[in-house]
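Spelled out from the first residue to the last, the chains are:
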Amino acid sequence: MDDKIAKYKMTISRLTVDKLGVKLYDKVSAVIAELIANSYDADATEVTVKAPMGIFLASKSDGKLSDNGLEIEVTDNGIGMTPEEVNKYYLIVGAERRNDRNRGGDESKKFNRKVMGRKGIGKLAPFGVCQRIEILTSGGDLIVKKNEKGEGIKGYLTAHLFLERESILSETDESYSPTLGEFDETLRDNTGTTIRLTIFDYRKVPSIDEFERQLSQRFGVSSSNWAINIIDNKKKCDETNCSRKVGEFAIENLSGTKISLNGTISNSDGSKTLTFAEDENGNEYPDIKSGFLYEEILYPITGWVAYSKMPYKDDLMAGIRVYCRGKIAAQTHLFNMKAGFTGEYDIRSYLIGELNADWLDQNEDLIRTDRQDIMWSHDLGQEFESWGQSLIKKIGKITREPRRKKSWELFKEISGIEKLICEAYPEDVEKSVRDNTLEFAEIIAKTARDEELNESGYIESIVKLSVLLGPHITLDRELRQAAENNDNTLSSITGILKIARIAELSSFGKIAYDRIAVINSIESKKNEPGTVESVFQALIAQAPWLINPQWSPITSNKKFSTLKTEFEKYYKRITGDEIVLNDFSDPKKQCDFVLSNQDDAIQIIEIKSPGHSLANDEMERINNYVDNMKDFLKAPGNEEFLSYFPRFHVTLVCDELSLKGVYQTAFEGLKNEGILEHISWSVFLLRTKKMHEDFLSEADRQKKYANYAKTC
């Protein structure tokens, strides 16, 4: 038995296994991809992966690892190996497959495939996720062998062995002898190989959907005699998502953005010439070739680059995938181009592609050992990088307009802007307004990004701005054209005046709509329990037209600002109390009242919460404000204030009064003098809303004065 166990020998540095297996591969999908690549090189037409999808292969508790008794199995129907070949090829790590003529060299034996493997270390990849690898493989010629009964049976000679990570990594210089399996030296009906992995580290298998996408992204092989199947071995065959066939890595391209690369063409003298890149219609780009010339050698590249129809959903989509012999070698966004170039955002979010460069590991291997990137620092790598950056710049230029067109079409579909413009400006005389409004909207929408076009608020703002500015743009163009043509005819002037009227109504209409929205917001807030007076005071300070629709927000007025400051000082000096006049910068301060200047008057605005009833002490404070303001304006040195603001007025917004005696008398006295106006909340909101609604009705009436029912 001892002699039989020592039949197979693996001669390898323990450090090599650790660095090239355990440390290099730590993702289940990458490990399985290496095994699948071996199946492809073995001329398999079908490979089946069985794994527990979407779960961890081991458990962790209190820092201790516990195996869950799961297994991963990769089976193919390739040419397999005999026991002799296992010893001669499989157990020699780092053997250069492509230089071995006995194994077919650069091409596979049966289908003459350009083999993916080169370094001979993929067999160690499973040790990055598990402790034990079982190999069951049958190959060679069909032979006849006698069984225990002396009967001759036909089949393919089988090798069956186990590799143990712990034993291989033990500190010894002796050759490693794998343990034999029960089927070693037996015959099987068909050639092929099964690799079974058990006793796992704490690693997770992707979900079957994610795993299928990962494998389709890793292998760019498109062939009628090659298929990869995935089976979830924790599910029954009739369960949903039990199995999946790996398809092409499909990404929907944005129309008009694809650049195709066809490699080389053969000349009549037997030489080859690089073709030019082509657009979707077969038109050539004379400044971009399908590869490059370096040191008198052609390095052809086939495949395509384009923009995706939508931004990346995941990292697998991002950028350009570079394949060598059907297996991914790198994934690059920009071929290492530095940031800050024109169109960088779109390229980083939309650029996709699939390039094939089989020369990457032909003479000098430019692919990193973990097959995650290309050695760009190599001289040939730098030439490839330079060619790729030229391609990036080219696609950035040619895709600008298709991207903008797509944004505009998407915007039109989502916003319904064409219908909205027709409803806003339906008359025959308003056709130029409609055209200019749509043109303005198109200019803005074409610069929008997909994520912005998915925001309803962003869409609405573009529509509103376009409808508002459309008449003004039209008026500007009409005036410029009249000036250029020196056209001062009555018909020309009449047309310009009509456009001016439309622009005027549009502007004031927008203001009215916005103000009504504010009023509606206040109506809802006033019924919310707990809304404090300072909230309403702040609104009045920003929108004094709420008190009187004729009032407008005032610009900075040095005289009035000085008056407020001086009155605060005066009030404290006379009464000993501090007074706060509409300063909302400190939320801890309670504003006494809002002080504004409208109609050449100082406006004192006292606003109470809805439902509040004014008490005697509050009336006393208002009367105190009035008396002190009178005295302040008459005080020596304040004559200039009085000349600017010859009067003052108090507006009290309060629903109820609970005044008695002298306080009732003081209230009536101020009303009779015309100093104080008392309005309830309902009147306060109603009169402002009514005026703005009346304006909108009049604007709509004038817009509909003729042919309202006409469509565009």
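Residues numbered from 1 in each chain as written. Predicted model: local features only at pLDDT ≥ 70, side-chain atom pairs only at ≥ 80, totals over all residues. Heavy atoms only, no water.

The next subject is unusual backbone geometry. Within the chain, aspartate 43 stands out as a residue other than glycine whose phi angle is a positive 65 degrees. For aspartate 43, the location among the structural elements is in the loop between helix H3 (28-41) and strand S1 (46-51). Using a relative accessible area of 2% as the deciding quantity, one classes aspartate 43 as buried. (Helix = DSSP H or I, 4+ residues; strand = E, 2+ residues; numbered from the N terminus. Buried < 20%, exposed > 50% of the residue type's maximum accessible area, 1.4 Å probe, protein only.)

Let us now look at the packing of helix H17 (residues 616-634) against helix H19 (residues 662-672). At a minimum axis distance of 10 Å, the contact between H17 and H19 shows a crossing angle of 45 degrees. Comparing the axis directions of H17 and H19 gives the class oblique. The handedness of the crossing between H17 and H19 is left-handed. Note on element contacts: H19 touches H17 through Tyr663, Ala666, Phe667 and Leu670, opposite Asn616, Met619, Glu620, Asn623 and Val626. A class-by-class count of the residues in the contact of H17 with H19 yields six nonpolar, two polar and one charged. (Axes fitted to C-alpha atoms, helices over the stretch in contact; angles between N-to-C directions. Parallel < 35°, antiparallel > 145°, perpendicular 65-115°, else oblique. Left-handed = near helix turned anticlockwise from the far one by under 90°. Contact = heavy atoms within 4.5 Å. Nonpolar A, V, L, I, M, F, W, Y, C, P; charged D, E, K, R; others polar.)

On to a nonpolar patch on the surface, then. On the surface, a cluster of nonpolar side chains totalling about 260 Å² of accessible area is made up of Phe56, Leu65 and Tyr202. Mapped onto the elements, phenylalanine 56 comes out in the loop between S1 and strand S2 (58-61). (Patch = residues over 30% accessible without salt bridge, like charges linked within 9 Å, V, L, I, M, F, W, Y side chains within 5 Å. Areas by Shrake-Rupley, 256 points an atom, 1.4 Å probe, with all protein chains shown as cover. Salt bridge = Lys/Arg side-chain N within 4 Å of Asp/Glu carboxyl O.)

This brings us to the side chain of threonine 332. Looking at where threonine 332 falls in the secondary structure, it is placed in strand S21 (residues 327-332). At a separation of 3.5 Å, a polar atom in the side chain of threonine 332 contacts the main-chain amide nitrogen of leucine 334. At 2.8 Å, the side chain of threonine 332 forms a polar contact with the backbone nitrogen of phenylalanine 335. With sequence-adjacent residues up to four places away left out, threonine 332 is seen in contact with Gly319, Ile320 and Val322. (Polar contact = N/O pair within 3.5 Å; in protein donor to acceptor, adjacent residues only side chain to side chain.)

The next thing to look at is the pairing of S1. Look at any regular strand and the pattern is simple: side chains alternate between the two faces of the sheet. Two elements, S1 and strand S10 (residues 227-232), share six bridges in a ladder whose sense is parallel. Along S10, the bridge assignment pairs lysine 50 with isoleucine 231. Where S1 meets strand S4 (residues 71-76), four bridges bridge the pair, whose relative direction is antiparallel. Of the residues in S4, the one forming a bridge with threonine 48 is threonine 75. (Pairing = 2+ DSSP bridges.)

Moving on, we come to the nonpolar core. Ile36, Ile72, Leu163 and Leu197 are the most contacted members of the largest nonpolar core, which totals 51 residues. For this core, the element with the highest residue contribution is H3, accounting for nine residues. Residues within four places of isoleucine 36 in sequence aside, it is in contact with Val47, Val49, Leu215, Phe219, Trp226 and Ile228. Among the nonpolar cores identified, the runner-up in size contains 38 residues, and Leu254, Ala329, Leu366 and Trp376 belong to it. (Core = buried A, V, L, I, M, F, W, Y, C linked by side-chain atoms within 4.5 Å.)

Turning next to the side chain of serine 308. Relative to the helices and strands, serine 308 is located in the loop between strand S19 (302-307) and strand S20 (319-324). Using a relative accessible area of 1% as the deciding quantity, one classes serine 308 as buried. A polar atom in the side chain of serine 308 sits 2.5 Å from the backbone oxygen of methionine 310. In contact with serine 308, other than residues within four places in its own chain, are Ile251, Glu252, Asn253, Leu254, Ser349, Tyr350 and Ile352.

Time to look at the packing of aromatic side chains. Considering all chains together, one arrives at 22 aromatic pairs under this definition. Residues phenylalanine 56 and tyrosine 202 carry aromatic rings whose centres are separated by 4.5 Å and whose planes lie at 5 degrees to one another, so their mutual orientation is stacked. With phenylalanine 56 in the loop between S1 and S2 and tyrosine 202 in the loop between strand S9 (192-200) and helix H6 (208-218), the pair connects residues that are 146 residues apart, well separated along the chain. Relative accessible area serves as the criterion here: at 35%, phenylalanine 56 is assigned to the partly exposed category. (Phe/Tyr/Trp six-rings, centres within 6.5 Å; stacked < 30°, edge-to-face > 60°.)

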